[in-house]
Amino acid sequence: MPSDNWLADTRTSYDTVAAGYADLLRDRLAGEPYLRAALALFAEAVHAAGGGPVADVGCGPGHVTAHLRGLGLDAFGLDLSPGMIEIARRDHPGVRFEVGSMTDPVPPAAPVAGLLAWWSLIHVPDDEVPAVLGHFHRALRPGGPLQLGFHVGDGSRLKTQGYGGHPMNVRVHRRPPGRVAAWLGDAGFEVEAQLLLGPGEEVPQALLFARRPA
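Right, let's walk through the structure included here. Treat the numbers as computed from the prediction; the structure is a model and nothing was measured. (Residues numbered from 1 in each chain as written. Predicted model: local features only at pLDDT ≥ 70, side-chain atom pairs only at ≥ 80, totals over all residues. Heavy atoms only, no water.)

1. Points about the overall build of the chain
Each helix and strand in the chain was counted, giving six helices and nine strands. Taken against the 2.2 N^0.38 rule, which gives 17 Å for 214 residues, the C-alpha radius of gyration of the chain at 16 Å falls within 12% of a compact globule. Overall, the C-alpha framework of the chain stretches about 45 × 40 × 35 Å when taken along its three principal axes. Residues classed as buried in the chain amount to 49% of the 214 residues present. The long-range fraction of contacts in the chain, counting pairs at least 24 apart against all pairs at least 6 apart in sequence, stands at 67%. Here the chain holds 18 positive side-chain charges and 23 negative ones, and the gap between their average locations is 2 Å. (Helix = DSSP H or I, 4+ residues; strand = E, 2+ residues; numbered from the N terminus. Rg over C-alpha atoms; globule rule 2.2 N^0.38 Å. Buried < 20%, exposed > 50% of the residue type's maximum accessible area, 1.4 Å probe, protein only. Contact = heavy atoms within 4.5 Å. Lys, Arg positive; Asp, Glu negative; His and termini not counted. Charge placed at Lys NZ, Arg CZ, Asp CG, Glu CD.)

2. What about helix H3 (residues 63–70)?
Among all positions in H3, only His-63, Val-64, Thr-65 and Leu-68 are buried. On the buried face of H3, the contacting elements are helix H1 (6–25), helix H2 (33–48), strand S1 (53–57), strand S2 (74–79), strand S3 (97–99) and strand S4 (114–118). Gly-72, located one to two residues past H3, shows a positive phi value of around 90 degrees.

3. Re the side chain of His-151
As for its placement among the helices and strands, His-151 is situated in strand S5 (residues 145–151). For His-151, a relative accessible area of 17% puts it in the buried group. Looking at His-151, its side chain comes within polar contact range of the side chain of Gln-205, at 2.7 Å. Among all residues touching His-151, those that are not within four sequence positions of it are Trp-119, Ile-122, Val-172, His-173, Arg-174, Arg-175, Val-203, Pro-204 and Gln-205. (Polar contact = N/O pair within 3.5 Å; in protein donor to acceptor, adjacent residues only side chain to side chain.)

4. Notes on the packing of aromatic side chains
Summed over all chains, the structure comprises three aromatic pairs. Ring plane angle 85 degrees and centroid distance 5.8 Å describe the contact between Tyr-14 and Tyr-21, whose orientation is recorded as edge-to-face. Under the relative-accessibility criterion, Tyr-14 is labelled buried at 11%. On the basis of an interplanar angle of 90 degrees and a centroid distance of 4.8 Å, the ring pair of Tyr-21 and Tyr-163 is categorised as edge-to-face. Linking Tyr-21 in helix H1 with Tyr-163 in the loop between strand S6 (155–162) and strand S7 (166–174), this pair joins segments that are 142 residues apart in sequence. The structure contains a cluster of three or more aromatic residues connected by ring pairs, namely Tyr-14, Tyr-21 and Tyr-163. (Phe/Tyr/Trp six-rings, centres within 6.5 Å; stacked < 30°, edge-to-face > 60°.)

5. Notes on the nonpolar core
Within the largest apolar cluster, 31 residues are counted, with the highest numbers of intra-cluster contacts made by Leu-115, Leu-133, Phe-136, Leu-146, Leu-148, Leu-184 and Phe-189. Among the elements of the structure, S1, S2, S4, helix H5 (129–139), S5, helix H6 (177–186) and strand S9 (205–211) are those that each provide at least two residues to this core. At five residues, the largest contribution of residues to this core is made by H5. If we ignore the near neighbours within four places in the chain, the residues touching Phe-136 are Val-57, Met-102, Leu-115, Ala-117, Leu-146, Leu-148 and Phe-189. Core analysis: the next-biggest nonpolar cluster, separate from the first, contains 18 residues, Ala-38, Val-64, Leu-68 and Ala-75 among them. (Core = buried A, V, L, I, M, F, W, Y, C linked by side-chain atoms within 4.5 Å.)

6. As for the packing of H1 against helix H4 (residues 82–91)
At a minimum axis distance of 7 Å, the contact between H1 and H4 shows a crossing angle of 30 degrees. As summarised for this structure, H1 and H4 are arranged roughly parallel, according to the angle between their axes. Every residue of H4 that contacts H1 at Arg-11, Tyr-14, Asp-15, Ala-18, Ala-19, Tyr-21 and Ala-22 is listed here: Pro-82, Gly-83, Met-84 and Ile-87. The residue makeup of the contact of H1 with H4, split by class, is eight nonpolar, one polar and two charged. (Axes fitted to C-alpha atoms, helices over the stretch in contact; angles between N-to-C directions. Parallel < 35°, antiparallel > 145°, perpendicular 65-115°, else oblique. Nonpolar A, V, L, I, M, F, W, Y, C, P; charged D, E, K, R; others polar.)

7. Focus: H4
Restricting attention to buried positions, one finds in H4 the residues Gly-83, Met-84, Ile-85, Ile-87 and Ala-88. Where the residues of H4 are buried, they touch H1, S2 and S3.

8. Quick notes on unusual backbone geometry
Peptide bonds are trans in most cases, and residues, glycine excluded, mostly fall at negative phi. For Trp-119, which is not glycine, the phi torsion reads 50 degrees and is therefore positive. Residue Trp-119 is classed as partly exposed on the basis of its relative accessible area, which comes to 21%.

9. Observations regarding the pairing of S7
Strand direction decides the pairing type here: S6 and S7, joined by seven bridges, are antiparallel. Within S7, the position partnered with Arg-157 by the bridge is Val-172. Taking the residues that link successive antiparallel strands as the turn, the S6-S7 hairpin has three residues, and the phi of Tyr-163 there is positive, at about 55 degrees. (Pairing = 2+ DSSP bridges.)

Dropping the structure here:
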């Protein structure tokens, strides 16, 4: 059963599966043209807004952070799991990675020119999401882009095993894009676009493109 301390459960679970998770995702972007296109749009938006440091919040093993660096962004990674950060630093030397939580007021180096949170809100309970998005809004410079990735659906499930068969104890929340967009609007963001991935799959994915108004 999940405990009430979802943050500690998430940290422990991803420390446990860090190596297997990194092996699974290390080359994933090479086969994901729509995700690469979304990152290119994000990089273009950051450059158009004047550039500056970019936070990849919930960076995991750092492969997306490194890709953003390849697109010319001054990207750094932030993750709750020390195990993930250890692997990110090993696999991507020269890129800055730090242990931290999206539930903290602002990420290091704030204000940032852009903020990416791909599939890192999926373990945050519904009643905590508005506060997290408020932190994101305060961390972003006016005019800065925000891009969120998440599982589409309604409800949650308990994940007890994953990434090499290791034990986990986290809830995975699936949300309709409209609900996430409404939360973003309430936090002060302007939602500019939505991308639905795998609409025919059992669990589609979505990306929302938003911006803190200038």
